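# A closer look at the structure
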Amino acid sequence: MVEIEIDGKTLQVADGSTLIEAAHQLGAYIPHFCYHKKLSLAANCRMCLVQIEKVPKPMPACATIVTNGMKVFTHSEMAIKAQRAVMEFLLINHPLDCPICDQGGECRLQDLAVGYAESASKYGEEKRVVPDKNLGPLVSTDMSRCINCARCVRFTAEIAGMMELGQSFRGERVEIMPFNGKTVDSELSGNLIDLCPVGALTSKPFRFSARSWELSRRKSVSPHDGLGSNLIVQTRRDKVMRVLPLENEDINECWLSDKERFSYQGLNSQDDNGRLTKPMVKQGGEWKEVDWNVALDYAAHALRDVAKTHGGAAIGGLLSPHATLEEMYLAQKLMRGLGSENIDFRLRQSDFSADGHRHGTPWLGMKIADIGKLDRLLVVGSFLRKDHPLIAQRLRQSAKRGAQVCVLHSADDDLLINLEARAIAVPSQLPAMLAQVVKAVAELKGVATDAALTTVGAGLVDVNAAKKIAASLVSGGNVAILLGNFAQQHRQAATLNALAQQLAGLLGGRFGFLGEAANSVGGYVAKAVPGAVNGNAGLNAVAMLKDPRQAYVVLGAEPELDCADGAQALAALGKAAAVVVLSPFKSQAMLDYAAVLLPVSPFSETSGTFVNTEGRVQSFHAATKPLGETRPAWKVLRVLGNLLDVAGFEFNTSEDVRAEALGGMPEFVSGLDNGVAGVAPNLTASANGLERVADVPIHFADPLVRRAPALQQTRDSAAPTARMNAATLAKLGLVAGERVKVGAGGTAILTAELDAGLPDGAVRIAAAHADTFALGAMSTVLTVEKV
Amino acid sequence: MALIDTINPLLTTGWSKGDAGWSLKDYEARGGYAQLKRILANKMSSDDIIAEVKKSGLRGRGGAGFPTGLKWSFMPKAAPEKYVVCNTDEGEPGTFKDRDLLRYDPHSVIEGMIIAGYAVGAARGYNYIHGEIFEIYRRFEAALDEARAAGYLGQRILGSDFSFDLFAHHGWGAYVCGEETGLLESIEGKKGQPRFKPPFPANFGLYGKPTTINNTETFAAIPFILGMGGDAYLNLGKPNNGGTKLFSVSGHVNRPGNYEVPMGTPFAKLLEMAGGMRGGRQLKAVIPGGSSAPVLPAEVMMECTMDYESIAKAGSMLGSGAVIVMDETVCMVKALERLSYFYYEESCGQCTPCREGSGWLYRVVHRIEHGEGRAEDLDLLNRVTDNMMGKTICALADAAAFPVRGFIKNFRSEFEYHIEHRKCLVDPEVQRMGSGFFKAGAA
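Quick caveat, the model's predicted, so the values are computed rather than measured.

Cut-off values and rules
Residues numbered from 1 in each chain as written. Chains lettered and ligands numbered in written order. Predicted model: local features only at pLDDT ≥ 70, side-chain atom pairs only at ≥ 80, totals over all residues. Heavy atoms only, no water. Helix = DSSP H or I, 4+ residues; strand = E, 2+ residues; numbered from the N terminus. Rg over C-alpha atoms; globule rule 2.2 N^0.38 Å. Buried < 20%, exposed > 50% of the residue type's maximum accessible area, 1.4 Å probe, protein only. Contact = heavy atoms within 4.5 Å. Areas by Shrake-Rupley, 256 points an atom, 1.4 Å probe, with all protein chains shown as cover. Buried area = accessible area lost by both parts, 1.4 Å probe. Salt bridge = Lys/Arg side-chain N within 4 Å of Asp/Glu carboxyl O. Polar contact = N/O pair within 3.5 Å; in protein donor to acceptor, adjacent residues only side chain to side chain. Pairing = 2+ DSSP bridges. Axes fitted to C-alpha atoms, helices over the stretch in contact; angles between N-to-C directions. Core = buried A, V, L, I, M, F, W, Y, C linked by side-chain atoms within 4.5 Å. Expected span 1.5 Å × (residues − 1). Patch = residues over 30% accessible without salt bridge, like charges linked within 9 Å, V, L, I, M, F, W, Y side chains within 5 Å. Phe/Tyr/Trp six-rings, centres within 6.5 Å; stacked < 30°, edge-to-face > 60°. Lys NZ or Arg CZ within 6 Å of the ring centre and 35° of its normal.

## Let's talk about the overall build of chain B
For chain B, the count of helices and strands is 19 helices and eleven strands. Compactness check: chain B gives a C-alpha radius of gyration of 22 Å against a globular reference of 22 Å for 443 residues, within 12% of the reference. Among the 443 residues that make up chain B, the fraction classed as buried is 64%. When contacts within chain B are restricted to residue pairs at least 6 apart in sequence, long-range pairs at least 24 apart make up 71% of them. For chain B, the exposed surface amounts to about 16100 Å²; the carbon and sulfur share of it is 54%.

Right, dumping it as structure tokens:
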């Protein structure tokens with residue numbers, strides 16, 4: 001610690017702190033533009049110049065390191081003169097277009113100009129005009145407003161991991177620009193809008209639609225991936241106008257992924273595939289808009305009839321993992337009240353053999369913030385950058401600090417992280433590959449190897465890659481293994497789980513699951529899984545579709561896109577006598593299979609709770625009133641419970657539901673445990689033929705984001721292709737760019753594409769997409785032939 | 001152009017044969033590489049070398065005049081990876097001494113750099129050569145080949161334990177890359193933008209490693225200092241202004257060129273060596289240390305001696321030793337417009353005051369020169385320069401500001417005349433006469 005004095009106040013600050021950090025500690029504000037606590041120092045805007053005793057020139061507070069006894073004056077004549085001088089320079093070429101600038105009202109330049117600028121400019125020369133750039137569908141540019149603080153440049157290079165913007169030319173002609181002909185395609189690009197201190201980078205979907213001071217601000221929680229990013233939802237007249245990050249250092253820091261930031265557009269979708277705003281029932285094959293009481297009666301009757309005729313077990317409940325804790329809790333209670341144990345939210349999971357063997361609720365295995373403290377990591381089966389953009393960002397920073405990150409996966413996507421080692425194998429060999437890592441670690445540790453592992457077919461996988469990963473892992477002090485979405489959706493997910501557990505045990509480290517969805521932990525807490533109440537009696541998400549039920553309750557999901565086998569789901573729903581759908585959205589598929597459509601609120605129109613991947617309980621209120629006749633799903637379920645005479649449905653508020661589900665209001669849920677017992681690793685499985693590697697593209701992962709138009713125009717939303725490496729293409733006699741017929745459960749016509757990051761014999765075809773759902777299972781073997 | 005005309009030739013001793021005297025053979029014949037051999041044979045300690053350089057009073061010849069020995073002593077001893085970098089990014093208008101040093105005597109720079117590498121414990125060096133003098137870059141490469149072939153560079157030099165290799169790197173002519181940290185960024189393959197200091201290169205230099213970076217002339221002086229001894233070198237010049245210095249004399253003199261004189265030589269003597277004023281015209285003004293140094297009126301300059309203190313006392317800087325001589329045919333407004341355009345063009349653009357201010361200065365001076373000046377412009381220019389100076393990462397903003405302040409301060413009436421009468425005080429015909437394109441008296 002060193003002692004310094006700022007404006008006459010003495011304070012202790014940590015060694016190596018900068019003056020601006022010290023001033024913040026004191027609550028003193030030093031004006032600045034280029035400085036940002038998460039970015040490297042640039043010291044180029046010069047707005048933060050302050051006076052330091054015995055230093056003849058004003059010094060930038062952002063880049064000056066404190067020394068013991070330093071005396072700093074932030075408001076002395078020298079400091080103020082320097083700050084005013086810089087402000088004058090910043091303004092001479094800045095257009096006076098605040099009245100038409102989206103940044104107006106939340107512009108740092110505008111704010112600081114009030115405090116540090118003259119009322120009239122002394123600049124009488126021609127002003128600079130800078131050509132605008134096309135950065136893609138999300139970020140809009142007005143480059144004449146740019147003050148060249150280069151925050152955006154540093155963000156792309158340091159946080160997003162790829163320098164997609166640079167400062168070209170020099171002097172007064174400097175311009176921030178992307179590479180020639182390129183846009184900014186990072187999944188974190190929206191943060192540029194927040195970082196830009198002026199109106200040079202603004203939100204393309206939002207711009208010109210509202211002034212910032214017209215908007216109401218509501219805290220909320222992201223309904224997408226398992227991180228549970230904290231949001232500020234901004235509304236005007238009960239319409240969500242935009243979404244901004246709510247800073248939470250433990251979760252999303254000050255960032256949001258583009259999915260979290262721009263998916264709100266889906267809340268306002270109005271086309272045939274858009275919001276469902278009125279209850280509807282199908283009568284004689286015709287859809288009719290009806291009153292709520294009619295629709296609810298209809299739904300209750302349908303379910304009661306099936307329960308009476310075929311028994312409760314003839315009903316299946318498919319819940320979206322993006323539904324709130326309250327919704328899931330009431331849905332499972334309703335299902336169980338009807339006598340059905342067939343309830344599941346793990347819609348894309350295909351291996352449930354760990355059910356009944358779990359010690360507790362699977363979770364991240366650590367706090368999110370602890371990820372940054374790890375020095376060795378193995379990420380198994382994850383399209384990390386697209387599935388968990390902000391966790392990928394944390395790993396990127398860890399790797400820069402010296403942590404070693406290894407990857408074991410079926411696709412070698414560029415994570416923009418410096419990887420220590422990687423092992424890429426076809427899906428069926430992932431367990432064997434992980435077993436090899438376990439074996440290698442055991443050898444390095446001098447521990448006897450599990451007999452089952454010594455027999456693992458070493459000839460099938462790249463043993464050297466496994467050894468390299470093992471060498472990295474054993475060299476660390478704080479190790480973790482993280483299982484991604486792909487590992488959780490894997491046909492041998494339980495084996496991967498058991499192996500990761502074994503590996504963590506050998507290493508004295510931790511292991512966990514990267515939660516796929518906002519409530520991947522919450523679903524377990526809400527008991528929305530078979531067997532949670534009555535032993536192992538019910539059918540899981542796959543079983544209840546494989547063995548079709550008479551009736552289904554679908555909450556918030558589009559099973560044809562959100563299930564492990566969309567084709568199978570659609571077939572089962574189509575055959576059912578009654579499908580009751582509670583959804584914020586409608587779709588043609590829904591109109592085909594459903595008997596009754598109940599319009600329920602998306603996250604922005606209801607109160608509720610998400611339990612994020614670290615087990616953190618995050619409740620939120622509605623940001624707007626429900627659209628049209630939409631109602632919060634917990635209320636709909638509560639009334640359905642009453643109509644069906646299910647006991648214990650006397651809730652008046654969502655808080656009551658939460659209290660019952662959680663047994664209080666803890667900060668973190670209890671019962672988190674990734675351990676499994678009695679799951680014998682199954683390492684014999686091998687696939688015969690081409691194996692599908694199915695990713696869930698970032699902007700197709702859930703019903704809300706699928707309806708966000710701007711996101712659908714990004715490069716990440718390109719139509720699925722059949723990707724193969726050069727060897728696989730050659731073996732099939734294919735050339736990249738050719739149309740191919742892909743066959744599995746069904747068929748799809750796709751374009752063959754070269755992807756050097758895939759293992760031999762793998763064909764990568766995205767799931768959750770209308771073009772590919774007919775193929776059926778995400779995890780399958782398939783045929784590929786030229787059309 | 002006069003090649004040399006010196007009082008006590010030292011650095012320029014090898015220049016007498018012009019382009020025929022640069023090779024290794026010639027350099028060795030002049031006693032070249034003897035100091036390196038002596039150091040390696042005697043296993044001289046690094047401290048002894050640095051002490052000798054300190055004793056010599058050698059100050060950085062790039063313009064800032066920082067004591068070289070002291071700079072070397074800042075290098076951390078224990079660091080495993082260190083660099084020596086030579087700054088030949090000679091971009092300051094008026095300066096052309098390093099160009100000729102590398103052209104006529106490249107091995108003196110190579111030997112100086114090897115000795116510096118030995119002294120600071122670096123195994124690798126780079127010479128960053130300005131990207132407009134490509135023939136010099138090729139010359140230096142040729143000299144490097146010779147030195148490597150002769151065993152002066154590479155592994156275990158001359159059978160000693162010391163290994164050092166040296167590489168040439170050329171820029172593309174950006175002035176700001178002559179700023180030492182901008183230069184380091186440029187070698188690293190990045191855009192040439194100066195870094196915020198501290199940390200200084202001695203701690204965080206090339207590729208983040210401790211780096212000693214000196215001017216070409218500074219390195220060239222090293223073998224001579226070690227040859228004659230620090231004391232003898234110091235005694236060539238004045239106390240605290242050791243040795244000789246190259247001055248690039250340009251402008252309205254009869255024999256523009258590089259002149260090596262001991263520090264402290266009167267300016268009048270230097271002017272005489274350069275053949276006096278062209279066409280016998282009257283001296284009007286001198287920029288004594290490269291275009292960023294404030295201009296001095298004739299009567300002040302004629303009283304100065306060529307050393308750091310004397311020039312500083314007169315209100316300017318010795319800088320890189322580029323002496324720009326202007327006679328009575330020069331319009332000071334036009335001269336300043338040209339200089340201001342240079343800094344406007346060469347600002348790297350990262351710091352606000354320089355990016356915005358350099359263009360502002362140029363535009364106002366341009367307006368005045370073109371008869372559109374306003375009464376308040378001179379105060380405005382002074383205010384803008386005041387707002388620029390001392391507020392940026394590197395000194396380019398100051399370099400842009402100094403000429404403006406110097407010209408206005410010393411030739412204010414000429415600027416006022418321009419604003420008031422919307423034309424030059426110096427008749428355009430006279431101006432044309434003074435420009436090098438017309439022979440004196442031809443008009």
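## Digging into the interface of chain B and chain A
Every contact between the two is made by 34 residues of chain B and, on the other side, 37 residues of chain A. Summed over both partners, the interface of chain B with chain A buries about 2900 Å², with 50% contributed by carbon and sulfur atoms. For the pair chain B and chain A, the interface holds eight salt bridges. Notably, a salt bridge pairs A:R173 with B:E345, separated by 3.3 Å at the nearest N-O pair. Scanning the region where chain B abuts chain A turns up 22 residue pairs in polar contact (both at pLDDT 80 or more). Those elements that provide at least two residues to the side of chain B that touches chain A are α14 (332-346), α15 (352-369) and α16 (377-388) of chain B. The element best represented in the side of chain B that touches chain A is α15(B), accounting for ten residues.

## Side note on the sheet that holds strand β20 (residues 479-483) of chain A
Residue and element names in this part refer to chain A. With parallel pairing, five strands are arranged side by side in an open sheet as β19-β18-β17-β20-β21. This sheet does not close on itself; its edge strands, each paired only once, are β19 (419-424) and β21 (510-513). Shown here is a sheet whose adjacent strand axes are inclined to one another by a mean of 15°, direction ignored. As paired strands, strand β17 (residues 376-380) and strand β18 (residues 404-409) are joined by five bridges and run parallel to one another. Among the inter-strand pairings, L378 is bridged to a residue of β18, identified as C406. With respect to the sheet, helix α11 (residues 430-445) is in contact with β17, β18 and β19, its orientation differing from that of β18 by roughly 145°. Contacts from helix α15 (residues 493-507) reach β17, β20 and β21 within the one sheet, and its direction differs from that of β20 by about 175°.

## Focus: the nonpolar core
Core analysis: the largest hydrophobic core is formed by 90 residues, its most contacted members being A:F33, A:M47, A:M87, A:F155 and A:L395. In terms of residue count, the dominant contributor to this core is helix α10 (residues 389-401) of chain A (five residues). Dropping the residues within four chain positions of it, A:M47 is found in contact with A:P31, A:H32, A:F33, A:Q83, A:V86, A:M87, A:L90, A:L112 and A:Y116. Residues B:A147, B:I157, B:F164 and B:I222 belong to the second largest nonpolar core, which totals 57 residues.

## Quick notes on α15(A)
All names here are of chain A. Taking 1.5 Å as the rise per residue, α15 with 15 residues should run 21 Å; its terminal C-alpha atoms sit 21 Å apart, in good agreement. Burial within α15 is extensive, with eleven of its 15 residues counted as buried. Along α15, the residues classified as buried are A493, A494, T495, L496, N497, A498, L499, A500, L503, A504 and L507. G508, located one to two residues past α15, shows a positive phi value of around 65°.

## Things to note about a nonpolar patch on the surface
Residue and element names in this part refer to chain B. A contiguous nonpolar patch, built from F66, L70 and F74 and spanning about 260 Å² of accessible area, is present on the exposed surface. Its location among the elements puts F74 in the loop between α4 (68-73) and β1 (83-88). Relative accessible area serves as the criterion here: at 44%, F74 is assigned to the partly exposed category.

## Thoughts on the environment of B:N203
Residues and elements named next belong to chain B. In this structure, N203 sits in the loop between α8 (180-187) and β4 (211-215). Counting along the chain gives 124 residues from N203 to A79, while the straight-line C-alpha distance between them is 9.4 Å. Once you skip the residues sitting within four places of it in the chain, N203 turns out to touch P76, G208, K209 and P210.

## Considering helix α6 (residues 106-120) of chain B
All names here are of chain B. Taking 1.5 Å as the rise per residue, α6 with 15 residues should run 21 Å; its terminal C-alpha atoms sit 21 Å apart, in good agreement. Counting buried positions over the 15 residues of α6 gives 15, a clear majority of the element. The first or second residue beyond α6 is G121, which carries a positive phi of 80°.

## Overview of the sheet that holds strand β1 (residues 2-6) of chain A
Residue and element names in this part refer to chain A. Reading across from one edge, β2-β1-β5-β3-β4 is the order of the five strands in this open sheet, with mixed pairing throughout. The open sheet has two edge strands with one neighbour each: β2 (9-13) and β4 (59-60). Bridging between strand β3 (residues 49-52) and strand β5 (residues 71-73) involves two bridges; their strand directions are antiparallel. Residue Q51 lies in a different strand from β5, and its bridge partner there is F73. Running over the sheet, helix α1 (residues 19-26) touches β1, β2, β3 and β5 and is turned about 115° from β2. Contacts between helix α2 (residues 77-92) and the sheet are confined to β3 and β5, with β3 contributing the most and set at about 160° to the helix.

## Focus: the pairing of strand β25 (residues 608-611) of chain A
Residues and elements named next belong to chain A. Burial along β25 is two-sided: the residues G608 and F610 and T609 and V611 are all buried. Sheet analysis places β25 next to strand β26 (residues 617-620), joined by four bridges and oriented antiparallel. For F610, the partnering residue across the bridge sits in β26 and is Q618. The hairpin formed by β25 and β26 contains five residues between the paired strands, and G615 there has a positive phi angle of roughly 85°.

## Description of the packing of aromatic side chains
For the structure on display, the rule yields 23 aromatic pairs over all chains. Arranged with centres 5.7 Å apart and planes meeting at 85°, the rings of A:F383 and A:F486 form a pair that is edge-to-face. Placement of the pair is A:F383 in the loop between β17 and α9 (384-387) and A:F486 in helix α14 (residues 485-489), with a sequence separation of 103 residues. With relative accessibility at 7%, the residue A:F486 sits in the buried group. Measuring from centroid to centroid gives 5.1 Å for B:Y118 and B:F162, while their planes differ by 85°, and the two rings are edge-to-face. With a gap of 44 residues between them, B:Y118 in helix α6 and B:F162 in the loop between α7 (134-149) and β3 (165-170) connect regions that are remote in the sequence. A relative accessible area of 17% places B:Y118 in the buried class. Among the aromatic side chains, those forming a connected cluster through ring pairs are B:Y83, B:Y126, B:F167 and B:Y207. Cation over ring: A:K367 sits above A:F668, and NZ or CZ is 4.1 Å from the ring centre. Lying across the ring of B:Y308, B:R59 places its NZ or CZ 4.2 Å from the centre.

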